[in-house]
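Examination of the molecular architecture
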Amino acid sequence: MSEQAPLLSLNSLSREIKKRKILDNISFDFLAGKTYTIIGPSGAGKSSLLRLINRLDEPTDGTVLLNGKPAREYKPEHLRCQIGFLFQTPHLFEKTISDNLLFANRSLSIDEQKHLLEIVQINASRLHEPVPKLSVGEKQRVALARLLATKPLVALLDEPTSALDPSITEAIEQTIKEIINLTNLTVIMVTHNPDQALRMGGESLLLVDGKLIETGHVEHVINNPSTQLGRQYRSRDLL
């Protein structure tokens, strides 16, 4: 049986700002339907890497490939439908939940919108509820439903629970894991919390000073690192 072709590939990806390398020669292949966490100390380049993947920023060198095609050959709006982005703080329009879902995909029926809410564990009866009435955790769930509305291949999650209470954090994590089980979605999640990475499971990438230091199963990367920088991260010396 042949190996699974990567859905998303980073080839020698670098980004430099004012002669400072934010990311330095990052190469990695992501497979469909898998969970990946990007971990590392503050300023390691974690969020910067996500922004390069769906062209919110452009690399100084290197390429991003989606299904073997360079990301720069996609129109940005088409690329971002296939590679969705969930920000640290939910950014919703101050209309209704339905309006936010329809902004992402005008063709959604009422039943499809309700189904998206059910996936993110919001009662479908709230579809026409004004967004300002929602809690922060509910807004993040709606933002996640809006991301799913375009039927993406990849979801980029940039510390999506950092503004939430611990109890809500675990509920959002469980929702994300259930979505992965229901679909073939590839999830790439930035987290500053090694314990959260362990809870999410899957593969992990450790970045330090813009360099990719360790990759592999998350338990190996965090609990049994093979490099000195990895061991420093495990001991919290680099947090």
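These notes cover the structure that comes with them. For clarity, every value in this text was computed on a predicted model and none was experimentally measured. (Residues numbered from 1 in each chain as written. Predicted model: local features only at pLDDT ≥ 70, side-chain atom pairs only at ≥ 80, totals over all residues. Heavy atoms only, no water.)

Quick notes on the overall build of the protein chain
Helix and strand counts for the protein chain stand at nine helices and 10 strands. Its C-alpha atoms give the protein chain a radius of gyration of 18 Å, within 12% of the compact-globule value 18 Å for 239 residues. C-alpha atoms of the protein chain, sized along the principal axes, occupy 50 × 45 × 40 Å. By residue count, 49% of the 239 residues in the protein chain fall in the buried class. (Helix = DSSP H or I, 4+ residues; strand = E, 2+ residues; numbered from the N terminus. Rg over C-alpha atoms; globule rule 2.2 N^0.38 Å. Buried < 20%, exposed > 50% of the residue type's maximum accessible area, 1.4 Å probe, protein only.)

A look at the sheet that holds strand β8 (residues 186-190)
The six strands lie next to each other as β6-β7-β8-β3-β9-β10, forming an open sheet whose pairing is mixed. Only two strands of the sheet have a single partner each, and these edge strands are β6 (83-86) and β10 (211-217). Strand-to-strand twist across the sheet, computed as the mean angle between neighbouring axes with direction ignored, equals 15°. Taken together, the four bridges between strand β3 (residues 35-39) and β8 define a ladder with parallel strand orientation. If you follow Thr35 over to β8, its bridge partner there is Val187. (Pairing = 2+ DSSP bridges. Axes fitted to C-alpha atoms, helices over the stretch in contact; angles between N-to-C directions.)

Some thoughts on helix α4 (residues 110-119)
Among the residues of α4, those classed as buried are Gln113, Leu116, Leu117 and Ile119. With its buried residues spanning 160° around the axis, α4 presents them on a single face. Opposite its buried face, α4 presents the exposed residues Asp111 and Glu118, each directed more than 90 degrees away. For α4, the secondary structure elements touched by its buried residues are α3 (97-104), α5 (136-148) and α6 (166-182). Remark: Gln121 follows α4 within two positions and exhibits a positive phi of approximately 65°. (Arc of directions from axis to C-beta. Contact = heavy atoms within 4.5 Å.)

Details of the layout of surface pockets
Looking at the largest pocket, its volume works out to about 490 Å³. Arg80, Phe85, Phe87, Arg146 and Leu147 are the residues nearest the centre of the largest pocket, which is lined by 20 residues in total. Within the residue set of the lining of the largest pocket, elements represented by two or more residues are α2 (76-82), β6, α3 and α5. Broken down by class, the residue content of the lining of the largest pocket amounts to 12 nonpolar, six polar and two charged. (1 Å grid on protein atoms, 1.4 Å probe; cavity = no way out; pocket = protein on both sides within 12 Å on 5 of 7 lines; lining within 4 Å. Points joined across faces, edges and corners; volume = space filled by probe spheres on them. Nonpolar A, V, L, I, M, F, W, Y, C, P; charged D, E, K, R; others polar.)

Some remarks on the pairing of β6
Residue alternation in β6 divides its side chains into two sets, Ile83 and Phe85 and Gly84 and Leu86, and both sets are buried. Of the strand pairs in this sheet, β6 and strand β7 (residues 154-158) are connected by four bridges, and their pairing is parallel. Considered in β7, the bridge of Ile83 is made with Val154.

Topic: unusual backbone geometry
Unusually for a residue other than glycine, Gln121 sits at a positive phi of about 65°. Judged by its relative accessible area of 43%, Gln121 is partly exposed. A positive phi angle, near 45°, is found at Glu159, a position not held by glycine. Along the chain, the position of Glu159 falls in the loop between β7 and α6.

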